[in-house]
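# Structural features, examined
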Amino acid sequence: MKVLAINGSPHKQGNTYLGIRAAADALEEAGISCEILHVGGKAIRGCIACGQCRKLRNERCAIDDEMNGWVQQMKAADGIILASPVYYAGIAGTMKAFCDRAFYVATANGNLFRHKPGAALVVMRRSGGVATFDQLNHYFTISEMPVASSCYWNTLYGLDQGEAQNDAEGLNTHRTVGVNMAWLLKLMEHGRGAVPEPEPPAKVRTNFIR
């Protein structure tokens, strides 16, 4: 089994990476590989609301860039971690663009990430962590993805590179995410074929302006 961790920081091995590494180490100790995909340093355009992914249903975004390969990596993974630094009390812009497009393509193509465990990791200087954590979790909960929880909200403190090493509680929280995700993945693998997977729900849409 493999987990794909998305690093939404512009710094490839900054404090966000340290948080991911804490979770990844716990996963790997449990025999589950963890690949880290660094997208925060890329120039990722946001969703342009063209609707082509929903129209064509070819598991591709109409913007022809690296996103289409990343969506396939997420589809192939057994679990997904989204990690972002806090920018103005929210998700970093590049990470937001990545998540909007990846999850929209997935939803438009039969919910590609359905029932994959997900977890959100957040790194901040001072505040905005809970709001960012909440935003990241929205992508999981609209996609029918079980959320791997921890012993506290998944926030880690650090500004300068390496500072997060001093936040023992934050690193322990991130590590516990890895422990619980590994446990959840093994439970799901053990029950595969023995416990029937529920059918996807029928889509019901209610528009408030008619």
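Residues numbered from 1 in each chain as written. Predicted model: local features only at pLDDT ≥ 70, side-chain atom pairs only at ≥ 80, totals over all residues. Heavy atoms only, no water.

On to helix α4 (residues 93-108). Relative to the 22 Å expected for 16 residues at 1.5 Å per residue, α4 spans 22 Å between its end C-alpha atoms, a close match to the ideal helical length. Within α4 the residues assigned to the buried category are M95, A97, F98, C99, R101, A102, F103, V105, A106 and A108. Against the buried residues of α4 lie β1 (2-7), α2 (52-56), α3 (67-76), β3 (79-87), β4 (90-91) and α5 (129-141). Just downstream of α4, G110 is the residue with a positive phi angle, here 85°. (Helix = DSSP H or I, 4+ residues; strand = E, 2+ residues; numbered from the N terminus. Expected span 1.5 Å × (residues − 1). Buried < 20%, exposed > 50% of the residue type's maximum accessible area, 1.4 Å probe, protein only. Contact = heavy atoms within 4.5 Å.)

Within soluble globular proteins, side chains that are nonpolar generally end up buried alongside one another. I6, M74, L82, M95, F98 and F103 are the most contacted members of the largest nonpolar core, which totals 37 residues. Elements supplying a minimum of two residues to this core: β1, α3, β3, α4, β5 (118-124) and α5. Apart from residues no more than four positions distant in its own chain, M95 is found in contact with I6, G8, V39, L82, A83 and S84. Listed in part, the 17 residues of the second largest apolar core include I20, A83, A182 and L185. (Core = buried A, V, L, I, M, F, W, Y, C linked by side-chain atoms within 4.5 Å.)

On their own, these measurements won't tell you what the molecule is for.
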